[in-house]
Amino acid sequence: MSYEFGQAGGRFAIQRTVKAADDLIVERTPLMRFAEADRLWSAIFAGVAR
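First things first, this report covers the structure right here in the doc. All of these numbers come straight from a predicted model, not from anything done at the bench. Along every chain, residues carry numbers that run from 1 in the direction the sequence is written. Residues qualify for local features only when their pLDDT is at least 70, as the model is predicted, and side-chain atom pairs are given and counted only at 80 or more; totals for whole chains, interfaces and linings, by contrast, use all residues. For side-chain calculations, the full set of non-hydrogen atoms in the structure is used, while hydrogens and water are omitted.

**A look at the packing of aromatic side chains**
Only rings of Phe, Tyr and Trp enter the pairing, Trp through its six-membered ring, and a pair is recorded when the two centres are within 6.5 Å. The plane angle decides the type: under 30 degrees is stacked, over 60 is edge-to-face, the rest tilted. Scanning all chains against the criterion turns up 6 aromatic pairs. Relative to Phe 45, the ring of Tyr 3 lies with its centre 5.9 Å away and its plane at 70 degrees, an arrangement referred to as edge-to-face. With Tyr 3 in strand S1 (residues 2–8) and Phe 45 in helix H1 (residues 34–46), the pair connects residues that are 42 residues apart, well separated along the chain. Taking 4.9 Å as the distance between ring centres and 65 degrees as the angle between the ring planes, the aromatic pair formed by Trp 41 and Phe 45 counts as edge-to-face. Of the two residues, Trp 41 and Phe 45 both sit in helix H1, 4 residues apart, roughly one turn of that helix. The classification of residues rests on relative accessible area computed with a 1.4 Å probe and restricted to protein chains. Under 20% of the type maximum is buried, over 50% is exposed, and intermediate values are partly exposed. What makes Trp 41 partly exposed here is its relative accessible area of 24%. Residue class for Phe 45 comes out exposed when judged on its relative accessible area of 54%. In this text, helices come from DSSP runs of H or I with a minimum length of four residues, and strands from runs of E with a minimum of two, each type numbered from the N-terminal end.

Take a look at the structure:
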């Protein structure tokens, strides 16, 4: 599993990629403001994100 913190047009998103049996599963948050994305990013690595 890997996470990426990305930016597009002044908005931010977090993408998670998981390697499944024969495929990659990619999930991405909606674009959001930096403060919201930064809080989520911190929560992911603190193990408290839902």
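**Here we look at the environment of Pro 30**
By secondary structure assignment, the location of Pro 30 is in the loop between strand S3 (24–28) and H1. Looking at Pro 30, the relative accessible area reads 63%, which means it is exposed. In this structure, the C-alpha to C-alpha distance between Pro 30 and Ala 13, residues 17 residues apart in sequence, is 6.2 Å. Two residues qualify as a contact provided that any one of their heavy atoms is within 4.5 Å of a heavy atom in the partner residue. Look past the residues within four positions of Pro 30 in its chain and what remains in contact with it is Phe 12 and Ala 13.

Distances and angles like these do not, on their own, reveal function.
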